[in-house]
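Summary of structural features
Next come the chains, spelled out residue by residue.
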Amino acid sequence: MDRSVPPMIKAIVSKPIRNCFYFCCDMVLLGIIMTLQGACLNLYVMNEYPDETLPHFLFLGDFICVVLAMVGMRATYIYLQKSKEEESNGTPPDQSAFIYSPKKFLKKFPTSKLGVLPLSYMSWLVYILFLLVKIIIIYWSGLSLNLKTTDLLGPQTLKMTIAFTSITFMLFVEAHNWDFVSAERRAYVTTVCVKTGFEIFDSVDMLSLITDQQQEETTMLQRKERASHLPDSVLIPYENLIFTLVALNFILPFLSLYKLSLPDKQNQSNLSLMIPVHVLYHLLHLFFVDLPFLSVRVYAWIMFHTEISMFLMKNLLHIIISIRSIYPELRKMATQDKSSPPVNEQPARGNEFEDIALN
């Protein structure tokens, strides 16, 4: 009796088909999460401005963000798949022949500086800026004061909706991670997903400081007690500072996607930046996220007697880790001989990226 597997079954369960299936699932999941997140935040805004027609145009912005994200994911998948095929054939990758290559539109496009897949990180930037606009409208309009924990669209739902950004980022990054890429790349992608997820949760917790403070100021007695030593000239800059820090923490993952978009080791070694991308990320995160977040939480603890969040210890721990990681890199850069000729490197594969993780 012939027990061989029919060719049709082999084709169905083959690795390329499975990869395509997983990729389609990721795209569908990304579209669903972005749509639900956008619709939920839009409802918060529309409930605050029921007589306005402008908030309805937020759905159009959500649609544009979803389309850009899906096109970016598709471009990434096709590029990695094409690079794998060219690698297996022993031919060097022709980036200009890539269907989504910017060089098809701009002949002098600097691939070594802006990457092979600029739509990948640009779509994230558009999405996160549009998300921040909604967050600012919700918190600055005072809508968070009217939210009740017993309502469906209450403060807890708002926090969870914003926190879904971590899953969105994971799906953005996972588009750069398939089983035909290097093990170092997979490890980097996994590390970035975990770290960025915690950073987004940290930002959501930071926004709760504004909500908690506003709710504490609702009674007249507390207003009088606070007015003697915490006037609006202190409270308003305090809230604006939190919004600014949260916005920076949401935008910084842009560097991770930019790093994944760079073509290969050879091109990245010629990247004319003063400092490497991973060192730049560490420095920005240290001075614009961890140190300010820690300072704001300590200030809120002392001045407003708020409960201490465990993310305060996360900020402190990350400061120590960042300093220990940055110092060797900065010392190496300071002692590096600028006059020495560059070392000739072997051409890298099209899907081989810098292996240094952001830690």
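Keep in mind it's a predicted model, so treat the numbers as computed, not measured. (Residues numbered from 1 in each chain as written. Predicted model: local features only at pLDDT ≥ 70, side-chain atom pairs only at ≥ 80, totals over all residues. Heavy atoms only, no water.)

Each helix and strand counted, the chain has 15 helices and zero strands in total. Per-residue burial over the chain gives 45% buried out of 359 residues. A separation threshold of at least 6 residues defines the contact pool for the chain, and within that pool the share at least 24 residues apart is 79%. (Helix = DSSP H or I, 4+ residues; strand = E, 2+ residues; numbered from the N terminus. Buried < 20%, exposed > 50% of the residue type's maximum accessible area, 1.4 Å probe, protein only. Contact = heavy atoms within 4.5 Å.)

We now examine the confidence of the model for the chain. Looking at the chain, pLDDT values average 75 and 68% of them are 70 or higher. The weakest mean pLDDT in the chain belongs to helix 10 (residues 220–227) at 42; the strongest belongs to helix 7 (residues 155–163) at 90. Scored below 50 in pLDDT, residues 217–231 shows 16 contacts in the model against residues more than four places distant or in partner chains. Within the model, the stretch residues 265–271 combines pLDDT values under 50 with 20 contacts to residues more than four positions away or in other chains. (pLDDT = per-residue confidence, 0-100.)

Residue position: lysine 314 is located in helix 15 (residues 311–335). A distance of 2.8 Å separates the side chain of lysine 314 from the side chain of glutamate 199, its partner in a polar contact. Other than its neighbours up to four places away in sequence, lysine 314 contacts Glu199, Asp202 and Asp290. (Polar contact = N/O pair within 3.5 Å; in protein donor to acceptor, adjacent residues only side chain to side chain.)

Following the criterion strictly, the structure yields eleven aromatic pairs and no others. Ring geometry for phenylalanine 23 versus tyrosine 77: centroids 4.5 Å apart, planes at 15°, classification stacked. Of this pair, phenylalanine 23 sits in helix 2 (residues 15–48) while tyrosine 77 sits in helix 3 (residues 58–89), placing them 54 residues apart in sequence. Relative to phenylalanine 172, the ring of tryptophan 124 lies with its centre 5.5 Å away and its plane at 80°, an arrangement referred to as edge-to-face. (Phe/Tyr/Trp six-rings, centres within 6.5 Å; stacked < 30°, edge-to-face > 60°.)

With respect to the element layout, lysine 134 can be found in helix 5 (residues 118–140). A relative accessible area of 2% means that lysine 134 is categorised as buried. Looking at lysine 134, its side chain comes within polar contact range of the side chain of aspartate 62, at 2.6 Å. If we ignore the near neighbours within four places in the chain, the residues touching lysine 134 are Gly38, Leu41, Asn42, Leu58 and Asp62.

In total, this model carries six salt bridges according to the counting rule given. When the shortest N-O distance is used, the salt bridge between arginine 297 and aspartate 202 registers 2.6 Å. Of this pair, arginine 297 sits in helix 14 (residues 277–303) while aspartate 202 is found in helix 9 (residues 183–216), placing the two residues 95 residues apart along the sequence. Each of the two residues, arginine 297 as well as aspartate 202, counts as buried. (Salt bridge = Lys/Arg side-chain N within 4 Å of Asp/Glu carboxyl O.)

The next point concerns the environment of serine 141. Counting through the fold element by element, serine 141 comes out in the loop between helix 5 and helix 6 (143–146). Separated by 93 residues in the primary sequence, serine 141 and glutamate 48 place their C-alpha atoms 8.1 Å from one another.

Our focus in this paragraph is helix 8 (residues 165–174). Burial of helix 8 is extensive: seven of the ten residues sit out of reach of the surface. When helix 8 is considered as a whole, its buried residues turn out to be Thr165, Ser166, Thr168, Phe169, Leu171, Phe172 and Val173.

The next point concerns the packing of helix 14 against helix 15. Axis separation between helix 14 and helix 15 bottoms out at 9 Å; the angle between their running directions is 150°. Judged by the angle between their axes, helix 14 and helix 15 are roughly antiparallel. Considering only the axes of helix 14 and helix 15, their crossing is left-handed. Across the contact of helix 14 with helix 15, the residue classes break down as 14 nonpolar, seven polar and four charged. (Axes fitted to C-alpha atoms, helices over the stretch in contact; angles between N-to-C directions. Parallel < 35°, antiparallel > 145°, perpendicular 65-115°, else oblique. Left-handed = near helix turned anticlockwise from the far one by under 90°. Nonpolar A, V, L, I, M, F, W, Y, C, P; charged D, E, K, R; others polar.)

Looking now at the UniProt feature "transmembrane region" (unreviewed entry) in the chain. This chain's UniProt record puts "transmembrane region" (unreviewed entry) on residues 20–45, 57–80, 114–140, 241–258 and 279–302. The span residues 57–80 is 96% helix and 0% strand, and its two end C-alpha atoms sit 35 Å from each other. Within residues 114–140, the helical portion is 89% and the strand portion 0%, while the C-alpha atoms at the span's ends are 35 Å from each other. (UniProt positions renumbered as here; feature names shortened; annotations may be inferred.)

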